[in-house]
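Below, each chain spelled out in residue letters.
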Amino acid sequence: FVRQPLSLLKPNREELGHVLGATFGDRDGLVAGARSLVAAGSVQEVLVSDGDAGAGLVGHGRAWWGSVPGGPVRNTVGAGDAFTSVCILGLVRQWPVREFMARGQAFASLLVGQRGAIIHDPAVYQSLLVEWQVKE
């Protein structure tokens, strides 16, 4: 068994703090924490979310922060999973970072604007796939 570094780790602020045994006062500290995992060779990239402060992607040679949520928040259940799923889709399809982060946040913002952890109207998903030019 050969241990390889993870390709991507997706923690939120609290989870990253638990992994590192640290607390983060500001975004710079959060990015520094993510960078420490990359520098140690534990992971290639860290996609860290920070609630209404947005999310960032930190990897070798890059640290980008963006994707600040918008719209009303009724329920946050499932928002992190929604965001992450679109970011993974973007990574697999090789979308630019700014694009998949914005799309992930847009999808999560749709979700938090309603009650429940999923959107029950399939037309919402279909319209996003068309907008993003994702073919089955």
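Throughout this description, residue numbers start from 1 for each chain and increase along the sequence as written. Note on the predicted model: pLDDT of at least 70 is required for a residue's local features to be given, and 80 or more for side-chain atom pairs to be given and counted; whole-chain, interface and lining totals, by contrast, use all residues. Derived side-chain values reflect all non-hydrogen atoms in the structure, with water molecules and hydrogen atoms excluded from consideration.

Student: Describe the overall build of the protein chain, and please don't skip the residues or the numbers.
Tutor: The helix count covers DSSP runs of H or I at least four residues long, the strand count covers runs of E at least two residues long, and both are numbered beginning at the N terminus. Along the protein chain, the regular secondary structure elements total 5 helices and 4 strands. Going residue by residue from the N terminus, the α and β elements of the protein chain occur as β-α-α-β-β-β-α-α-α. Here the protein chain has a C-alpha radius of gyration of 15 Å; the compact-globule value for 136 residues is 14 Å, and the two agree. In terms of overall dimensions, the protein chain has C-alpha extents of about 45 × 30 × 30 Å along its principal axes. Three labels apply to residues, based on accessible area from a 1.4 Å probe with only protein chains included: buried if under 20% of the type maximum, exposed if over 50%, partly exposed otherwise in between. The buried share of the protein chain, taken over its 136 residues, is 38%. Contacts between residues were defined by any pair of non-hydrogen atoms, one from each residue, lying within 4.5 Å. When contacts within the protein chain are restricted to residue pairs at least 6 apart in sequence, long-range pairs at least 24 apart make up 52% of them. What sets the accessible areas is the Shrake-Rupley method with a 1.4 Å probe; for residues, cover comes only from the shown protein chains. Surface accessibility of the protein chain: about 8100 Å² in total, with carbon and sulfur atoms responsible for 55%. Asp and Glu count as negative and Lys and Arg as positive, but His and the ends of the chain are not part of the count. Note on charges: their place is set at NZ of Lys, CZ of Arg, CG of Asp or CD of Glu. Measuring between centres, the 12 positive side-chain charges of the protein chain sit 3 Å from its 12 negative side-chain charges. Computation of the radius of gyration draws on C-alpha atoms alone. For the globule rule, the value is 2.2 Å times the number of residues to the power 0.38.

Student: Mind laying out the side chain of arginine 13, listing which residues take part and the relevant values?
Tutor: Relative to the assigned elements, arginine 13 resides in helix H1 (residues 13–20). Relative accessible area serves as the criterion here: at 17%, arginine 13 is assigned to the buried category. Looking at arginine 13, its side chain comes within polar contact range of the side chain of aspartate 50, at 2.7 Å. Beyond its immediate chain neighbours, meaning those up to four positions away, arginine 13 contacts Phe24, Gly25, Asp26, Arg27, Leu30, Val48, Ser49 and Asp50. Think of a polar contact as two N or O atoms within 3.5 Å of one another; within protein, one of them needs to be a possible hydrogen donor and the other a possible acceptor, and neighboring residues in sequence only count if both atoms come from side chains.

Student: Kindly report on the pairing of strand E4 (residues 62–66), identifying the contributing residues and their values.
Tutor: Pairing between strands is defined by DSSP: at least two bridges between the two strands are required. When strand E3 (residues 55–59) meets E4, the two strands line up antiparallel, connected through 5 bridges. Note that in E4 the partner of glycine 59 across the bridge is arginine 62. Adjacent in sequence and paired antiparallel, E3 and E4 are bridged by 2 residues, among which glycine 61 carries a positive phi angle near 80°.

Student: Tell me what's going on with the sheet that holds E3, and back it up with residues and numbers.
Tutor: Strands sit in the order E1-E2-E3-E4 across an open sheet of 4 strands; the sheet is mixed. Two strands in the sheet have a free side with no partner beyond their single neighbour: strand E1 (6–9) and E4. Pairwise comparison of adjacent strand axes, ignoring direction, gives a mean angle of 10° for this sheet. For helices, the fitted line uses only the C-alpha atoms of the stretch in contact; every axis is such a line through C-alpha atoms, and the angle between N-to-C directions lies from 0 to 180 degrees. Across the sheet, helix H3 (residues 79–92) touches E1, strand E2 (43–49) and E3, and the angle it forms with E2 is around 145°. Of the strands in this sheet, E2, E3 and E4 touch helix H4 (residues 97–112), which is tilted by about 145° from E3.

Student: Mind laying out the environment of tryptophan 64, listing which residues take part and the relevant values?
Tutor: Here tryptophan 64 is to be found in strand E4. Sequence separation of tryptophan 64 and proline 11 is 53 residues, and the distance between their C-alpha atoms is 15 Å. In this structure, tryptophan 64 is in contact with Ala55, Gly56, Leu57, Val97, Arg98 and Met101, ignoring residues within four places of it in sequence.

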